[in-house]
Amino acid sequence: MKITSNTVVSIDYIVTDENGQVLDTTNGQDAMEVLIGHSNIVPGLEDALMGKEKGDRVDVLVQPDRAYGIRHPELIQEIDINMFEGMELNVGDSFLADTDMGKKPIVVKEIKGNTVVVDGNHPLAGMTLKFLVDIIDVRQATDSEIEHGHVHGAHGCCHGHDHEDGHECCGKHHHDEDHECCGRHHHDDDDHECCGRHHHDHE
């Protein structure tokens, strides 16, 4: 079976930057399942997987505009530390911030006296990424998976395959309790999810 929209693909992968530094991998873990055609992985990787089948290997270089986008300087802001009153604050912590576009993850980059520098860019924004992917299996998605937009199961993107360094394959780095695969480091005091692992999420 070839990979098309509404198929589920099981993959082993390694993601590196342009210098070969490993950012994320399934090495030593179960393969990850991804529902194709529902924005569960970065567009450049999904494009490269289309038409492939079980046993194929995909080696693709994905530019920022087809990965996590370019960096936007305006998303780096200084805010009053009182906004975090009662919270233990450390560089690297992530939070959900209320914006005009709903809740968005921000990361603490610096603490300067009474102000905190936060960054709303995705941690991998502006980076060219290299994906080396082995296709372990391909199957038709169930009607329920298609309706919900993600794989049902322990190893589905958006259901359980997280990496504590914060990057998920599927391509999405989440800083919230329901991080979606594909991608994501959470600093959530409660739990994490897909493709997303240790969280310190404070709303």
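Right, let's walk through the structure included here.

What counts as what
Residues numbered from 1 in each chain as written. Predicted model: local features only at pLDDT ≥ 70, side-chain atom pairs only at ≥ 80, totals over all residues. Heavy atoms only, no water. Helix = DSSP H or I, 4+ residues; strand = E, 2+ residues; numbered from the N terminus. Buried < 20%, exposed > 50% of the residue type's maximum accessible area, 1.4 Å probe, protein only. Contact = heavy atoms within 4.5 Å. Areas by Shrake-Rupley, 256 points an atom, 1.4 Å probe, with all protein chains shown as cover. Polar contact = N/O pair within 3.5 Å; in protein donor to acceptor, adjacent residues only side chain to side chain. Salt bridge = Lys/Arg side-chain N within 4 Å of Asp/Glu carboxyl O. Pairing = 2+ DSSP bridges. Axes fitted to C-alpha atoms, helices over the stretch in contact; angles between N-to-C directions.

Along the protein chain, the regular secondary structure elements total two helices and ten strands. If you list the helices and strands of the protein chain from N to C, you get β-β-β-α-β-β-β-β-β-β-α-β. Out of the 203 residues belonging to the protein chain, those deemed buried represent 47%. Across the protein chain, the fraction of contacts at a sequence separation of at least 24, relative to all contacts at a separation of at least 6, is 58%. Total accessible area computed for the protein chain in this model is approximately 10,000 Å², and 47% of it derives from carbon and sulfur atoms.

On the secondary structure map, Asn121 appears in the loop between β8 (115-119) and β9 (129-140). At 2.8 Å, the side chain of Asn121 and the backbone nitrogen of His72 are in polar contact. Dropping the residues within four chain positions of it, Asn121 is found in contact with Ile70, Arg71, His72, Leu75 and Ile76.

Right, let's get into the pattern of salt bridges. Counted by the stated rule, this structure contains six salt bridges. When the shortest N-O distance is used, the salt bridge between Arg71 and Asp119 registers 2.4 Å. Here the residue Arg71 occupies a position in the loop between β4 (57-62) and β5 (76-80), and Asp119 occupies one in strand β8, the gap between them amounting to 48 residues. Among the residues examined, Arg71 registers a relative accessible area of 36% and is labelled partly exposed. A salt bridge links Arg139 to Glu145; its shortest N-O distance comes to 2.9 Å. Classification of Glu145 as buried rests on a relative accessible area of 2%.

Overall, antiparallel pairing links the four strands, which are arranged β5-β8-β7-β6 in an open sheet. With partners counted over all chains shown, the strands left at the sheet margins are β5 and β6 (94-99), one partner each. Strand-to-strand, the axes of this sheet are offset by a mean angle of 45°, without reference to chain direction.

Moving on, we come to the pairing of strand β3 (residues 32-35). Along β3, one buried face is formed by Met32 and Val34 and the opposite face, lined by Glu33 and Leu35, is buried too. In the sheet, strand β1 (residues 7-16) pairs with β3 via four bridges, with the strands oriented antiparallel. Bridging from a neighbouring strand, Val9 pairs with Val34 of β3.

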